[in-house]
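Next come the chains, spelled out residue by residue.
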Amino acid sequence: DAITGPSYGFNCPDALAFDGTNIWVANKLGSSITELNASTGSWVQTLSGSQILNPDALVFDGTNIWVANDSQNGQVGSFISEFNASTGMVDRTINTPKNYKWIFVSPTCLALDGSGIWIADLGNTNAIEFNVNTGAYIRKTTGGPAVSGVACVTYHSGYIWLSSINSAATIEYNANTGVYVRTISNILNPNQLIFTGSDLFIVSENPVDSVREYNSAGTLLKTVAKSNKSLGKGINTILVDGASLWTANYSSNSVSFYSIKR
């Protein structure tokens, strides 16, 4: 099923987050985020303002929604902003993690790890973690195959998975140390991904716009979703809320959901 229409405020949806009740959608070219009721798909609210600029990633920490904003100007202007999910008010913005000489270039994905948030940045060769309370740098991923273009990170049970879009690799690391564990899959142009505790879902740009499901051993189970040709291409991110797989479809200004119950 697909949710479309101007009333939702979709403008090249590029990221999703789930707060336990509602789905949040980042509108990349609209510089806004839209909140939907996860049960009905109905519109709740759309947020915009100077603290939302080309939003490219979202994550919910239990109270707040974090937004990665991509200035699209190289190393100038990209930042992370934090919004209260209940009120929609901005709490703060972070231009660079404290105590680390690295600035956001093109942040594309965020993953919550307890009190830390991991950041995927297409301009970096590592994923970086910072403290949600202080904004200070904690650690980065190390070891394993060479990484070029960190497209996405996802966290579960002490481990993180990283997709290296230019290196055709999806890699697992120990989240407590940042140290390499193994390479899960070698597929061309892996983009967004999510690990549910049992299965890993990966958006691959080659073949175009498909979502593949792997088990924890890295074995391909099935292709779950493909872009609807009638709506256009562009699955840019995925989210699993338990019973459904949600996709944000950049090119068609739509959000789709698929049943993954077995």
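Residues numbered from 1 in each chain as written. Predicted model: local features only at pLDDT ≥ 70, side-chain atom pairs only at ≥ 80, totals over all residues. Heavy atoms only, no water.

## Details of the pairing of strand β10 (residues 107-113)
One face of the sheet, then the other: side chains in a regular strand alternate in exactly this way. Rules: Exposure classes here rest on a 1.4 Å probe applied to the protein chains alone. A residue is buried below 20% of its type maximum, exposed above 50%, and partly exposed in between. Counting from the N terminus, the helices are the DSSP runs of H or I reaching at least four residues and the strands are the DSSP runs of E reaching at least two. Note on pairing: two strands pair once DSSP finds at least 2 bridges between them.
The buried fraction of β10 amounts to six of the seven residues, a majority that puts the element mostly inside the structure. Relative to strand β11 (residues 116-121), β10 runs antiparallel, the two being bridged by six bridges. Looking at β11, one finds that A111 is bridged to W118. Adjacent in sequence and paired antiparallel, β10 and β11 are bridged by two residues, among which G114 carries a positive phi angle near 65 degrees.

## A word on the sheet that holds strand β9 (residues 90-94)
What counts, and what does not: Only C-alpha atoms enter the line fits that serve as axes; for helices the fit covers just the stretch in contact. Angles between N-to-C directions range over 0 to 180 degrees.
The sheet built from four strands is open, its strands ordered β6-β7-β8-β9 with antiparallel pairing. Each edge of the sheet is formed by a strand with only one pairing partner; in this case those strands are β6 (55-60) and β9. For this sheet, the mean angle separating the axes of adjacent strands, direction not counted, is 20 degrees. Of the pairings in the sheet, the one linking strand β8 (residues 79-84) to β9 comprises four bridges and is antiparallel in character. Bridging across to β9, F83 finds its partner in V90.

## Here's the deal with the environment of Y159
Using the following cut-off: The contact definition used throughout considers only heavy atoms, calling two residues in contact when any of these lie within 4.5 Å.
Looking at the element boundaries, Y159 is found in strand β15 (residues 159-164). Not counting the four nearest positions on each side in its chain, Y159 is found in contact with T154, E172, Y173, N174, A175 and V181.

## Some words on the nonpolar core
The tendency in soluble globular proteins is for nonpolar side chains to be buried side by side. To be explicit about the condition: Among buried residues, the Ala, Val, Leu, Ile, Met, Phe, Trp, Tyr and Cys ones that are joined through side-chain atoms within 4.5 Å form a nonpolar core.
Among the nonpolar cores identified, the biggest contains 23 residues, and W118, V153, L162 and L200 are the most heavily contacted of them. Within the residue set of this core, elements represented by two or more residues are β10, β11, β14 (150-156), β15, β16 (169-174), β18 (190-195) and β19 (199-204). Dropping the residues within four chain positions of it, L200 is found in contact with W161, T170, I184, L193, I194, F195, R212, E213 and Y214. Among the nonpolar cores identified, the runner-up in size contains 21 residues, and V211, L239, V240 and A248 belong to it.

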